[in-house]
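# Examination of the molecular architecture
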Amino acid sequence: MELLPTIWFIAIAVLWTGYLFLEGFDLGVGMLMKLFARNNTERRVLLNTIGPVWDGNEVWLLTAGGATFAAFPLWYASLFSALYLPLLVVLLALIFRAVAFEYRGKVDTDSWRNRWDWAIALGSFLAAFGVGAALALTTTGLPLNANGDREGGPMAWFSGYALLGGLAVVGFSLLHALAFLALKTDGDVRHRARQWFVRLLPVLLLPIAAWALAIQFLDGKPWTWAAVVLAVGAAATAWLLARRGSEGRAFLFLGAFLVLGTASIFGAVFPVVLPSTLDSAFDLTISNASSSNYTLGLMSIVAAFGLPLVIAYQAWTYWVFRRRVSAAHIPEAHSFLPAIAAKAFTTKG
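Residues numbered from 1 in each chain as written. Predicted model: local features only at pLDDT ≥ 70, side-chain atom pairs only at ≥ 80, totals over all residues. Heavy atoms only, no water.

What follows is about the overall build of the protein chain. Of regular secondary structure, the protein chain possesses 14 helices and two strands. Referenced to the eigenvectors of the C-alpha coordinate spread, the extents of the protein chain come out at roughly 60 × 50 × 40 Å. In the protein chain, which comprises 349 residues, the share counted as buried stands at 49%. Put simply, the protein chain shows about 16,400 Å² of open surface, and 70% of that area lies on carbon and sulfur atoms. Side-chain charges of the protein chain comprise 24 positive and 19 negative groups, with the mean position of each set lying 13 Å from the other. (Helix = DSSP H or I, 4+ residues; strand = E, 2+ residues; numbered from the N terminus. Buried < 20%, exposed > 50% of the residue type's maximum accessible area, 1.4 Å probe, protein only. Areas by Shrake-Rupley, 256 points an atom, 1.4 Å probe, with all protein chains shown as cover. Lys, Arg positive; Asp, Glu negative; His and termini not counted. Charge placed at Lys NZ, Arg CZ, Asp CG, Glu CD.)

Okay, the UniProt feature "transmembrane region" (unreviewed entry) in the protein chain next. Feature annotation in UniProt assigns "transmembrane region" (unreviewed entry) to the following positions: residues 6–37, 83–104, 116–138, 158–184, 196–217, 223–242, 251–274 and 294–316. Helix makes up 79% of residues 251–274 and strand 12%, with an end-to-end C-alpha separation of 31 Å. (UniProt positions renumbered as here; feature names shortened; annotations may be inferred.)

So, about the pattern of salt bridges. One pass over the structure, following the stated rule, counts 14 salt bridges. Close ionic contact of D26 with R97 constitutes a salt bridge, the shortest N to O distance being 2.5 Å. Of this pair, D26 sits in helix α1 (residues 3–35) while R97 sits in helix α6 (residues 84–103); the two residues are 71 residues apart in sequence, bridging distant segments of the chain. Across the pair, exposure class does not vary: D26 and R97 are buried alike. Taking the shortest distance from any N to any O, the salt bridge between E58 and R97 comes out at 3.3 Å. Here the residue E58 occupies a position in the loop between α3 (54–57) and α4 (59–71), and R97 occupies one in helix α6, the gap between them amounting to 39 residues. (Salt bridge = Lys/Arg side-chain N within 4 Å of Asp/Glu carboxyl O.)

Each aromatic ring pair is characterised by the separation of its centres together with the angle its planes make. Inspection of the entire model under this criterion finds 20 aromatic pairs. Here W16 and Y19 contribute two aromatic rings whose centre-to-centre distance is 6.0 Å and whose plane-to-plane angle is 85 degrees, an arrangement assigned as edge-to-face. Here Y19 and W16 lie together in helix α1, a separation of three residues that amounts to about one turn. Accessibility assignment for this pair places W16 and Y19 in one class, buried. One aromatic cluster in this structure is built from F9, F72, W75, F266 and F270. Just above the ring of W319 sits the side chain of R322; from NZ or CZ to the centre is 3.9 Å. (Phe/Tyr/Trp six-rings, centres within 6.5 Å; stacked < 30°, edge-to-face > 60°. Lys NZ or Arg CZ within 6 Å of the ring centre and 35° of its normal.)

Looking now at the packing of α1 against α4. Here α1 crosses α4 at 165 degrees, and the two axes come no closer than 8 Å. Between α1 and α4, the crossing angle belongs to the class labelled roughly antiparallel. Handedness of the α1/α4 crossing: left-handed. Touching W8, I12, V14, L15, W16, G18, Y19 and L22 of α1 are W60, L61, T63, A64, A67, T68 and A71, all from α4. Looking at the contact of α1 with α4 residue by residue, the class counts come to 12 nonpolar, three polar and no charged. (Axes fitted to C-alpha atoms, helices over the stretch in contact; angles between N-to-C directions. Parallel < 35°, antiparallel > 145°, perpendicular 65-115°, else oblique. Left-handed = near helix turned anticlockwise from the far one by under 90°. Contact = heavy atoms within 4.5 Å. Nonpolar A, V, L, I, M, F, W, Y, C, P; charged D, E, K, R; others polar.)

The subject of this paragraph is the side chain of T317. Structurally, the position occupied by T317 is in helix α13 (residues 293–320). Exposure remark for T317: the relative accessible area of 9% places this residue in the buried category. Among residues more than four places away in sequence, those in contact with T317 are P52 and V53.

Glancing now at helix α2 (residues 40–50). Here α2 lies mainly inside the structure; eight of its 11 residues are buried. Along α2, the residues that are buried comprise E42, R43, R44, V45, L46, L47, T49 and I50. Measuring from the side-chain oxygen of the N-cap residue of α2 to the backbone nitrogen of T41 gives 3.2 Å; that N-cap residue is N39. (Polar contact = N/O pair within 3.5 Å; in protein donor to acceptor, adjacent residues only side chain to side chain.)

Attention shifts here to helix α9 (residues 188–204). Here α9 is 17 residues long and its end C-alpha atoms lie 22 Å apart, about the 24 Å a rise of 1.5 Å per residue gives. Of all the bends in α9, the greatest, near 40 degrees, is centred on V198, and the proline P202 appears no more than four residues after it. Among all positions in α9, only V189, R190, R192, A193, F197, V198, L201 and L204 are buried. (Expected span 1.5 Å × (residues − 1). Bend = angle between axes of the 7 residues up to and from the residue.)

By the secondary structure assignment, L135 is in helix α7 (residues 110–140). C-alpha separation for the pair L135 and F180, spaced 45 residues apart in sequence, amounts to 23 Å. In this structure L135 touches W16, L20 and W211, once residues within four positions along its chain are discounted.

Structure (structure tokens):
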């Protein structure tokens, strides 16, 4: 097995894990704007927990996609062209979500805020579902021919595995957000988040557990089965710690569940990067889908310097904004747009 393609396969798996860990809770917080928060003050508390970090978390998505493009161009071309429509929806969802973060507080009316709250919630849901579907399909397969092109119509990608992957990331994001809110807030929001976490953990983790098990039954290895067992233990530990009120450790053990789960999934399919459901002879692997050793070597040098800087910067950001947020920290709402513009935006008919 070639060394550099293997290293970059592991690197891409790590980048996707980092994205799911960091962006997972802020996508979940976005969905909880409509599912959990009871009033505008609580919604502003939720937004303030992710306000300093959400845009930095999205860098991991760009980095994972860029690394795939550079290290495994055939993997990137086949996956992104086959999933053109769902990934376009993900892109639009992320754009509307980002705009909503900025525009929500510009006018102090309930109707204005409600529209942008829905944009945040639906944008977060569609982004989480689309990413989950794409990751599930890259581990279970697409109808690819010998040239790596998709066979069938624009919806040929849709399958039970795509649905399962989408629900898996949505469920994990919601649970991860509850763990994050229990860790990052105070008062009633904190206590309710912890209660919901304890009650919903077995339900919200079912899809991602089913995805991991399905991959193990298809391609599992002894060590990936062991990772699944450890992941179950980490989830059970997170549940017990949350019941005892240890929010920080519960959050970390839920993160350990994610790391072990993604390791078991990517490890089971290795060295295949994108299976073909038409014929296993058409599978894309780290050997036939990778760039040249010169390209991978140059990328490794750049990553050795750049990645630690990115991680250090994000760690510093989380440290600076580590304090809990509560309703007492939220000032009175007020409009930023001039009165005439506010009236124009909020007038119906």
